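Here is how the chains run, residue by residue.
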Amino acid sequence: MVRKSEQLADLLERVLGSSKVLRDQATTHRYRGIAWGPASSPLPLVVPLAPAAVVVRPESADDVVATVRIAREAGAPIVPYGSGTGVHAGAAPVQGCVVLDLGAMNRIIRISREDRTARVGPGVVLGDLDREVGAHGLMVGHDPWSQPIASIGGAVSTNGVGYLAGKYGSMGDQVLGLEVVLGDGSLIRARAVPKTSTGPSLRHLFIGAEGVFGAITEVDVRLFPIPERRALVGYRVDRFEDGLEAVMDMVALQLRPSMIDYEEDDAAEGVLRVGSLVDVPSSMFLAFDGFAEEVDAQVRRADEICRQRGCDPMAEGAAQEFWDTRHASAERYLRDRAADPDGLVRRSWSRRSSTYLNVTLSPSTILEFRARAARELAPYHLAVKNAGVWGIPELVSVRLAHLAADASTVEADLVAGSDLVLRIAQQLGGSMEYCHGVGVQLAHLMGEEHGAALDALRRLKRSVDPDGIMNPGKLGL
Ligand SMILES: Cc1cc2nc3c(=O)[nH]c(=O)nc-3n(C[C@H](O)[C@H](O)[C@H](O)COP(=O)(O)OP(=O)(O)OC[C@H]3O[C@@H](n4cnc5c(N)ncnc54)[C@H](O)[C@@H]3O)c2cc1C
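Attention in this report is confined to the structure presented alongside it. Just so it is clear, the model here is predicted, and its values are computed rather than measured.

Let us now look at the site of the ligand. As a structural note, the neighbourhood of the ligand is formed by 37 residues, with Pro 80, Thr 85, Ser 146, Ser 151 and Val 161 the closest of them. Gly 84 is positioned with one of its backbone polar atoms (N or O) 2.8 Å from an oxygen atom of the ligand. A distance of 2.7 Å separates a nitrogen atom of the ligand from a polar atom in the backbone of Val 161. Bound to the protein, the ligand loses 98% of the 960 Å² it would expose on its own.

What follows is the structure, encoded as structure tokens:
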């Protein structure tokens, strides 16, 4: 195996040049492909991680084509890698693989102010792109917590969701076209046209596909004008249900905040109970983007709705502070990862005894979901610590906390409890994940997620990746 890896690395070096091929273990070891590292991940991995045989840092689509052809010939898997901040181990190396680190393909190729589009390499960091297009009076609509660290290729491949999804949609909604190297080594372009009637839009095969069909080598992204006005407001809410009603009233009025960030506070120590929900206050932050009169009208109507539902306006400046610090967790994450000798971010004990799940639900099922989760989690000593809604009411998060004194069962309980909650979302007609992808960690639930359609996905994969070398095992494919 070692000899085969050495031969593969030698060949890659010969074709690509040694500067693009990383093979010393101290470097390859840092390619974890999971945000918090296996040792401290909230969910243990179903398939254990393996070290990469070699890491390639291509600088062009031709380099990617060459890498895929060489790996295919050698029968070696390829794992596309953006910034490695994905939380479900989508970019985690598999046995004997070539990690394809697209970070060096980070060129902003062109920006069109008039068309409000940009063409960029997959390794461009979202925050860098936003800064660059800002000089043209434009903004990137996808603004996740991880905006300062995540690559656009990774965000497209997980179809991520950010603070402004209420108005601008998910990352995938903002993709106009893609260039992709398929698993058979061919280079294709899903052309960047805003609307066609010339067959299925091929780009959707790669949005949220976690690199299992091919490696994205260019992204054409839709940009948005920096709004004339952005208003930020915040409310405190005593009961989760009341804030949810306020959100639903806004939706019923076709009032669409660009940001809805609604989340219960963490319950104080000793308040949580296994088997039942406890009432804790929540915070709701709203943003409205648009032309001045429109924004003023939206703020006024939202305020009426929120007050009618018993929401109390926060002090002046609180919503602005929330907005200004929205990327702080990512900046902290980046510092911790750089400082750790193994390139891991290790979680504190309290974080390891809790987990955070993001599911899609019809709004009418949210309260049933939350109540069922609390009740059915009891055998696993888990309580629903908080619930929240992000962007649109359909995107629902819950944090689970382990309450038993016996720490030896924490991991097993978190895994079983998480699966149970994700299955409740599926049974209610929803989806088990709305932004972080499936990776390795949720792969075992893909059959229940897609039913017979999973087999159709497998057949699609075979048609573009006949030897199954692209990110095998991820997405359950
Ligand atoms: C502190 C923190 C906050 C976060 N906040 C958010 C958030 O608000 N919203 C959100 O959606 N996510 C969030 N995440 C998760 C993560 O940042 C996103 O999933 C992000 O989009 C992943 O980007 P990446 O460049 O790190 O991708 P990676 O983790 O490197 O890869 C993710 C997946 O995409 C594939 N991939 C990467 N590049 C390519 C390519 N060019 N072609 C084909 N496949 C590719 C990989 O194989 C893998 O399957 C957060 C993570 C952290 C650590």
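So, about the sheet that holds strand β17 (residues 382–390). The 7 strands lie next to each other as β15-β12-β14-β13-β17-β18-β16, forming an open sheet whose pairing is antiparallel. Bordering the open sheet on either side are β15 (312–313) and β16 (354–360), each of which pairs with just one other strand. Relative to β16, helix α13 (residues 410–427) is tilted by about 15°, and along the sheet it contacts β16, β17 and β18 (395–402).

A separate point is the environment of Thr 196. In this fold, Thr 196 is placed in the loop between β9 (187–190) and β10 (214–222). Of note is the side chain of Thr 196, whose polar atom sits 3.4 Å from the side chain of Thr 198.

This next bit is on the environment of Ala 383. Tracing the sequence through the fold places Ala 383 in strand β17. A residue is classified by how much of its surface remains accessible, and Ala 383, at 1% relative accessible area, is buried. As a C-alpha pair, Ala 383 and His 204 span 179 residues in sequence and 37 Å in three-dimensional space. Residue contacts for Ala 383: discarding those within four places in its chain leaves Leu 272, Arg 273, Val 274, Arg 399, Leu 400, Ala 401 and Leu 403.

This part is about the state of the cysteines. Per the counting criterion, the structure on display carries 0 disulfides. With no disulfide partner, Cys 306 has as its closest neighbouring cysteine sulfur the one in Cys 311, 4.6 Å distant. The exposure class of Cys 306 is buried, given its relative accessible area of 0%.

For the rest of this paragraph, the subject is the packing of aromatic side chains. The full count for this structure, using the stated rule, is 7 aromatic pairs. Both rings, one in Phe 240 and one in Tyr 262, keep their centres 5.2 Å apart while their planes meet at 5°; by these two values the pair is stacked. You can see Phe 240 sitting in helix α7 (residues 240–252) and its partner Tyr 262 sitting in strand β13 (residues 259–264), a full 22 residues away along the chain. Ring plane angle 10° and centroid distance 4.0 Å describe the contact between Phe 285 and Phe 322, whose orientation is recorded as stacked. Note that Phe 285 is positioned in strand β14 (residues 282–290) and Phe 322 in helix α9 (residues 318–324), a separation of 37 residues in sequence.

Let us look at the packing of α7 against helix α8 (residues 292–308). For the pair α7 and α8, interaxial distance at closest approach is 9 Å and the crossing angle is 145°. Taken as a pair, α7 and α8 cross one another with a handedness that is right-handed. Within the contact between the two elements, α7 uses Ala 246, Asp 249 and Met 250 and α8 uses Ala 302, Ile 305 and Cys 306. Among the residues forming the contact of α7 with α8, the class breakdown is 5 nonpolar, no polar and 1 charged.

Turning our eyes to something else, we now look at the sheet that holds β10. What the 5 strands build is an open sheet, ordered β5-β6-β10-β8-β9; its pairing is antiparallel. The sheet is open, and its two edges are formed by β5 (108–112) and β9, each paired on a single side. Direction aside, neighbouring strands of the sheet carry axes that sit 15° apart on average. Pairing geometry for strand β8 (residues 175–182) and β10, over 7 bridges, is antiparallel. In the strand pairing of β10, Val 181 is matched with Ala 215. Across the sheet, helix α4 (residues 126–134) is in contact with β5, β6 (117–120) and β10; its angle to β5 comes to roughly 40°.

Right, let's get into the pattern of salt bridges. By the definition in use, this model includes 28 salt bridges. Residues Asp 242 and Arg 239 are paired through a salt bridge, measuring 2.9 Å at the closest nitrogen-oxygen approach. Here Asp 249 and Arg 309 are joined by a salt bridge, their closest N and O atoms 2.8 Å apart. Taken together, the residues Asp 249 in helix α7 and Arg 309 in the loop between α8 and β15 connect sequence positions 60 residues apart. Owing to a relative accessible area of 23%, Asp 249 belongs among the partly exposed residues under this scheme.

So, about the nonpolar core. Side chains of nonpolar character tend, in soluble globular proteins, to be buried together. With 80 residues, the main nonpolar core has Ile 152, Met 284, Leu 286 and Phe 369 as its most contacted residues. At 7 residues, the largest contribution of residues to this core is made by α13. In this structure, Ile 152 is in contact with Val 120, Gly 121, Pro 122, Val 124, Leu 126, Leu 129, Met 171, Val 219 and Val 221, ignoring residues within four places of it in sequence. Residues Leu 8, Val 21, Ala 53 and Val 65 belong to the second largest nonpolar core, which totals 23 residues.

Analysis parameters
- Every chain's residues receive numbers from 1 upward, in the order its sequence appears when written.
- Local features in a predicted model are, by the rule used here, given only for residues with pLDDT of at least 70; side-chain atom pairs are given and counted only at 80 or more, and totals for whole chains, interfaces and linings are based on all residues.
- The side-chain quantities take in all heavy atoms of the structure and omit both hydrogens and water.
- Near, as used in this document, describes a residue that has one of its heavy atoms within 4 Å of the molecule or strand being considered.
- Between N or O atoms, a polar contact is any pair within 3.5 Å; within protein, one atom must be a potential hydrogen donor and the other a potential acceptor, and residues adjacent in sequence are included only when both atoms are from side chains.
- Using a 1.4 Å probe, accessible areas were evaluated by the Shrake-Rupley method; residue-level cover was limited to the displayed protein chains.
- Between any two strands, at least two bridges found by DSSP are needed for them to pair.
- Only runs of H or I of at least four residues qualify as helices and only runs of E of at least two qualify as strands under DSSP, and these elements are numbered from the N terminus.
- Residues are treated as being in contact if the distance between any of their heavy atoms lies within 4.5 Å.
- Axis lines are fitted to C-alpha atoms, over the contacting stretch for helices. Their N-to-C directions set the angle, which ranges from 0 to 180 degrees.
- Partly exposed describes any residue whose relative accessible area lies between the buried limit of under 20% and the exposed limit of over 50%, with all areas from a 1.4 Å probe on protein chains only and scaled to the type maximum.
- In plain terms, two cysteine sulfur atoms within 2.5 Å form what is called a disulfide here.
- Pairing of aromatic side chains here covers Phe, Tyr and the six-membered ring of Trp, requires ring centres within 6.5 Å, and sorts the geometry by plane angle: under 30 degrees stacked, over 60 edge-to-face, intermediate tilted.
- Each crossing gets its handedness from the near helix: less than a right angle anticlockwise from the far helix is left-handed, clockwise is right-handed.
- Residue polarity is assigned by list, with Asp, Glu, Lys and Arg as charged and Ala, Val, Leu, Ile, Met, Phe, Trp, Tyr, Cys and Pro as nonpolar; anything else, Gly included, falls into the polar class.
- The salt bridge definition used is simple: a Lys or Arg side-chain nitrogen within 4 Å of an Asp or Glu carboxyl oxygen.
- Residue types Ala, Val, Leu, Ile, Met, Phe, Trp, Tyr and Cys, when buried and joined through side-chain atoms within 4.5 Å, form a set referred to as a nonpolar core.

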